[in-house]
Amino acid sequence: MHHQWLEGNLPVSSKCVVCDKTCGSVLRLQDWRCLWCRATVHTTCRSSYVTHCSLGPTRHATVPPIRIVADDVIEPPLPGSPLIVFVNSKSGDGHGDRFLRRFKQILNPAQVFDLAAGGPTHGLRLYRGLAPLRLLICGGDGSVGWVLREIDNLQLKVSTIIPCLSSVMVDGIKEPVARSVNVDTPKKTRPFFHFRREATSI
Ligand SMILES: [Zn+2]
Ligand SMILES: [Zn+2]
């Protein structure tokens, strides 16, 4: 797929991928940034840059937008193993919303779901045919249990769903839930940055 360029609003001190000089401006819309690979480029340099978009550092976990051929229809094959993210926006004393926003920036927003706004069913149904999937559940024990119950209800094969990481926003995931999804009990720590590191290293 081609880059999807958005004009202006480049991060401070962005470097042009072509000439390696600073680009963007805080005073006006200037230069370009790809929505998917995050490449930043001068207007004058853009025509010299490759047209193919790699989808950036999370390409193996991201569902390419061109694979979403219609509302709620995903067309395989995908280049990697998509990471489907369920976030409970009500969890974590305000962290939930931050998680939701951040993951929608890092991945395709169509693979990030708010458990508090519709539950896990839609997301699981949408991607059930695209094994192997990886699930990331951001919330407390109740959220993790909710997704697991729905996996059972939909009779999804466990082998196609690998819990990548279950974390906690406030009190710590409890041992029985951690064991059931085969992850270590996470510590109460700065989850936002923890997740960011995990997500960008996929
Ligand atoms: Zn791009
Ligand atoms: Zn340049």
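Residues numbered from 1 in each chain as written. Chains lettered and ligands numbered in written order. Predicted model: local features only at pLDDT ≥ 70, side-chain atom pairs only at ≥ 80, totals over all residues.

Caption draft 1: Broad picture of helix H1 (residues 95–106). Compared with the 16 Å implied by 1.5 Å per residue over 12 residues, the 16 Å span of H1 between its first and last C-alpha is a close match. Listed in full, the buried residues belonging to H1 are His-95, Gly-96, Phe-99, Leu-100, Phe-103 and Ile-106. Burial along H1 is one-sided: seen end-on, the buried residues are contained in an arc of 140°. (Helix = DSSP H or I, 4+ residues; strand = E, 2+ residues; numbered from the N terminus. Expected span 1.5 Å × (residues − 1). Buried ≥ 20, exposed ≤ 12 C-beta atoms within 10 Å, placed from the backbone. Arc of directions from axis to C-beta.)

Caption draft 2: The arrangement of the environment of Thr-62 in detail. Structurally, the position occupied by Thr-62 is in the loop between strand E3 (40–41) and strand E4 (68–70). In this structure Thr-62 comes out as buried when scored by C-beta crowding, with 24 C-beta atoms within 10 Å. Along the sequence, Thr-62 and Leu-107 sit 45 residues apart, while their C-alpha atoms lie 5.4 Å from each other. In contact with Thr-62, other than residues within four places in its own chain, are Leu-55, Pro-82, Leu-107 and Asn-108. (Contact = placed C-beta atoms within 7 Å.)

Caption draft 3: Quick peek at the sheet that holds strand E1 (residues 5–7). Overall, antiparallel pairing links the 3 strands, which are arranged E1-E2-E3 in an open sheet. Unpaired on one side and paired on the other, E1 and E3 mark the two borders of the sheet. (Pairing = 2+ DSSP bridges.)

Caption draft 4: Here's a closer look at the environment of Trp-32. Within the element layout of this structure, Trp-32 appears in strand E2 (residues 32–34). Placed 26 residues apart in sequence, Trp-32 and Leu-6 show a C-alpha to C-alpha distance of 5.5 Å. Setting aside its immediate chain neighbours within four residues, Trp-32 contacts Trp-5, Leu-6, Glu-7, Thr-40, Val-41, Thr-43 and Arg-46.

Caption draft 5: Region of the structure containing helix H3 (residues 141–153). The end-to-end C-alpha distance of H3, which contains 13 residues, comes to 18 Å, matching closely the 18 Å that a straight helix rising 1.5 Å per residue would cover. Taken from the residues just after H3, Gln-155 is the one with a positive phi, measuring 55°.

Caption draft 6: Spotlight on the nonpolar core. Core analysis: the biggest nonpolar cluster contains 24 residues, and Val-85, Phe-86, Val-87 and Phe-103 have the highest contact counts within it. Secondary-structure elements contributing two or more residues to this core are strand E6 (83–87), H1, strand E7 (112–114), helix H2 (121–127), strand E8 (133–138) and H3. (Core = buried A, V, L, I, M, F, W, Y, C linked by C-beta atoms within 7 Å.)

Caption draft 7: Highlighting unusual backbone geometry. Although it is not a glycine, Asn-9 sits at a positive phi angle of roughly 55°. Turning to its location among the elements, Asn-9 is positioned in the loop between E1 and E2. The phi dihedral of Leu-55 is positive, around 75°, even though this residue is not glycine. Structurally, Leu-55 can be placed in the loop between E3 and E4. Using a count of 23 C-beta atoms within 10 Å as the deciding quantity, one classes Leu-55 as buried.

Caption draft 8: Local environment of the confidence of the model for the chain. With 71% of its residues at a pLDDT of 70 or more, the chain shows a mean pLDDT of 76. Predicted confidence in the chain is weakest over helix H5 (residues 191–200), with a mean pLDDT of 39, and strongest over E3, with 97. Here residues 162–174 is a poorly scored stretch, pLDDT under 50, and it has 52 contacts once near neighbours within four places are set aside; other chains count. Taken together, the stretch residues 183–202 has pLDDT below 50 and engages in 39 contacts with residues farther than four places along the chain or on a different chain. (pLDDT = per-residue confidence, 0-100.)

Caption draft 9: Representation of the pairing of E6 within the structure. Among the 5 residues of E6, 5 are classified as buried, and the element is accordingly described as predominantly covered. Burial along E6 is two-sided: Leu-83, Val-85 and Val-87 facing one way and Ile-84 and Phe-86 facing the other are all buried. Bridge count for E6 against E8 is 5 bridges, and the pairing is parallel. Bridging from a neighbouring strand, Phe-86 pairs with Ile-137 of E8. Direction of pairing for E6 relative to E7: parallel, over a ladder of 3 bridges.

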